[in-house]
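# Coordinates in review
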Amino acid sequence: MSLLRVSGLTKEFGDLTAVDDVSFDIEDGEFVSILGPSGSGKSTVLRMVAGFEEPTEGEISLDDVEIVGSPPFERDVNMVFQDLALFPHLTVAENIGYGLKQSGVPADERRERTERMLEMVRLEGYGDRAPAELSGGEQQRVALARALVNEPALVLFDEPLSSLDRKLRQHMQSELQRIQLETDTTFLYVTHDQEVALAVSDRLVVLDDGEIQQVGTVEELYEAPASRFVADFIGDVNAVEGRVTAVDDGTIGLDVGDGEVSVPRDAAVEELAVDDAVDVCIRPFLMRAEPAESDRDAVDDANETFSTTGVVRSRSYQGSDSLYGIETDRWGRLSAEVRSASFDVDDRVAIAWDAADVHVYRREGGAPPSEDGGA
Ligand code: ADP
Ligand code: MG
């Protein structure tokens, strides 16, 4: 059974629809992230779940009980805020035990549960300090302990790691996962940072302009993005403009730039018709590259494979592989992430990729590409 069920959630601020008919479920024990650019409505969704904001329309149920209309403190939900909102005049232990005190838990039990939380977030011995005496990462842990101490069903996070440097952020990501598993709590995490979201989440809800773009596991979103927006937002993608020339049972024929190619029908997530303007998308890491002796080196069987030659314009090291910016002869500038080969700027290369790895999206309002095509 779903722990949290959000259905038809809409929030209007005057003329602005900040959240537009959003529906998703979270299972008990899941770690779900809402991922979207700044202003996409993430915090507004979270604030409605927490009870700080009333929906214009829609329902939110927790454990099958409708919670819209009930005050925040009556919801079995705690929130970790972006600025953490620790009480500066209270000690670390008092910060963590604050909610327990408010709800009348006796001092002994409070102390015991606070101690247990300090252990959980690996801050034993820090109870008597003031928040200002802690590092940024330690303050994160206090905020987390405070949100967990009364064992809520659901913990909400509004970009709490965005102020940390990369190393510390990665460390806190794995700490969050550990603590989530150890406490058996359900987490709903909001972030604009795809790296964080991919690292920590069981499933993602991708939001743009108040609307859900896709809900799925990291793998589903990465391997089968439902839109160009999702493909761009989750990882890197090359996009080449094209036009549909044929649709039959198994394949879609495409005019991309100077040539005809065909891709499997399921490369397109939506129905396409002849003459539709499309983006033909391929992940940089799915491209192959080898040195090109001549311009004719590209693989010939265009029906199976996309191939072209080009000139390396940029390279950047990424640990075990390199990312090349290649000015191609057929399809404009593309990036290729290559592991086994090493090229220099100005080298001529032959690049290719499989039609089966391509995703095709209708370009909304897109004019058909001009005769010479190109991205
Ligand atoms: P995100 O958290 O994804 O950055 P928000 O949920 O904060 O986005 O905001 C979504 C949209 O709603 C933005 O355009 C924002 O300016 C607007 N908004 C948020 N809160 C209010 C408010 N209290 N009054 C008016 N507009 C708001
Ligand atoms: Mg926000």
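Given the structure is predicted, the values throughout are model-derived calculations rather than measurements. (Residues numbered from 1 in each chain as written. Chains lettered and ligands numbered in written order. Predicted model: local features only at pLDDT ≥ 70, side-chain atom pairs only at ≥ 80, totals over all residues. Heavy atoms only, no water.)

### Regarding the overall build of the chain
Along the chain, the regular secondary structure elements total 8 helices and 20 strands. Seen along its three principal axes, the alpha-carbon backbone of the chain occupies a region of about 80 × 45 × 35 Å. Expressed as a percentage of the 375 residues in the chain, the buried residues total 50%. Across the chain, the fraction of contacts at a sequence separation of at least 24, relative to all contacts at a separation of at least 6, is 65%. Roughly 17,700 Å² of accessible area belongs to the chain as shown, and the carbon and sulfur atoms make up 44% of that amount. Within the chain, the 77 negative side-chain charges are centred at a point lying 6 Å from the centre of the 33 positive side-chain charges. (Helix = DSSP H or I, 4+ residues; strand = E, 2+ residues; numbered from the N terminus. Buried < 20%, exposed > 50% of the residue type's maximum accessible area, 1.4 Å probe, protein only. Contact = heavy atoms within 4.5 Å. Areas by Shrake-Rupley, 256 points an atom, 1.4 Å probe, with all protein chains shown as cover. Lys, Arg positive; Asp, Glu negative; His and termini not counted. Charge placed at Lys NZ, Arg CZ, Asp CG, Glu CD.)

### So, helix α4 (residues 136-148)
Counted at 1.5 Å a residue, the expected span for α4 with its 13 residues is 18 Å, and the 19 Å between its end C-alpha atoms agrees. With respect to burial, α4 is a largely interior element, 11 of its 13 residues being buried. Turning to α4, its buried residues are G137, E138, Q140, R141, V142, A143, L144, A145, R146, A147 and L148. (Expected span 1.5 Å × (residues − 1).)

### Comments concerning the site of ligand 1
In the vicinity of ligand 1, the residues found are F13, L16, A18, P37, S38, G39, S40, G41, K42, S43 and T44. In the model, an oxygen atom of ligand 1 is placed 2.8 Å from a nitrogen or oxygen of the K42 side chain. At 2.8 Å, a side-chain N or O of S43 approaches an oxygen atom of ligand 1. Here ligand 1, which alone exposes 560 Å², has 59% of that area covered by the protein. Contributing elements (two or more residues each) for the shell around ligand 1: β2 (16-27) and α1 (42-50). Ranked by the residues each element gives to the shell around ligand 1, the list is headed by α1, at 3 residues. Within the shell around ligand 1, the residues separate by chemical class into 4 nonpolar, 6 polar and 1 charged. (Near = heavy atom within 4 Å. Polar contact = N/O pair within 3.5 Å; in protein donor to acceptor, adjacent residues only side chain to side chain. Nonpolar A, V, L, I, M, F, W, Y, C, P; charged D, E, K, R; others polar.)

### Digging into the sheet that holds strand β11 (residues 238-247)
Overall, antiparallel pairing links the 5 strands, which are arranged β13-β12-β11-β14-β20 in an open sheet. Only two strands of the sheet have a single partner each, and these edge strands are β13 (259-264) and β20 (359-362). Across the sheet, the mean angle separating the axes of adjacent strands is 40° when strand polarity is ignored. The sheet contact formed by β11 and strand β14 (residues 277-282) spans 6 bridges and is antiparallel. Paired with V240 across the bridge in β14 is V280. (Pairing = 2+ DSSP bridges. Axes fitted to C-alpha atoms, helices over the stretch in contact; angles between N-to-C directions.)

### Topic: the side chain of Q180
With respect to the element layout, Q180 can be found in helix α5 (residues 166-183). What makes Q180 buried here is its relative accessible area of 5%. At 2.9 Å, the side chain of Q180 forms a polar contact with the backbone oxygen of T185. Among residues more than four places away in sequence, those in contact with Q180 are G29, E30, F31, T185, T186 and F187.

### Observations concerning the nonpolar core
I96, F157 and L176 are the most contacted members of the largest nonpolar core, which totals 32 residues. When contributions to this core are tallied by element, the ones reaching two or more residues are α2 (92-102), α3 (107-120), α4, β7 (154-158), α5, β8 (186-191) and α6 (194-200). Ranked by residue count, the leading element in this core is α4, at 6 residues. Once residues within four sequence positions are removed from consideration, F157 is found in contact with L46, V80, L144, L176, F187, L188, Y189 and V190. Core analysis: the second largest hydrophobic core is formed by 31 residues, V244, I252, V256 and I351 among them. (Core = buried A, V, L, I, M, F, W, Y, C linked by side-chain atoms within 4.5 Å.)

### Some remarks on the sheet that holds strand β4 (residues 57-62)
The antiparallel open sheet is built from 4 strands, whose spatial order is β2-β1-β4-β5. If you trace the sheet from one side to the other, it starts and ends with β2 and β5 (65-66), each paired once. As paired elements, β4 and β5 share 2 bridges and run antiparallel to each other. Note on β5: the bridge partner recorded for L62 is V65. Across the sheet, α1 is in contact with β1 (2-13), β2 and β4; its angle to β1 comes to roughly 120°.

### Description of the packing of aromatic side chains
Pairs of aromatic rings are described using the distance from one ring centre to the other and the angle between the two planes. For the coordinates displayed, the defined rule picks out 12 aromatic pairs. Relative to F187, the ring of F31 lies with its centre 5.3 Å away and its plane at 70°, an arrangement referred to as edge-to-face. Taken together, the residues span a long stretch of sequence, with F31 in strand β3 (residues 31-35) and F187 in strand β8 at a distance of 156 residues. With a relative accessible area of 1%, F31 lands in the buried category. (Phe/Tyr/Trp six-rings, centres within 6.5 Å; stacked < 30°, edge-to-face > 60°.)

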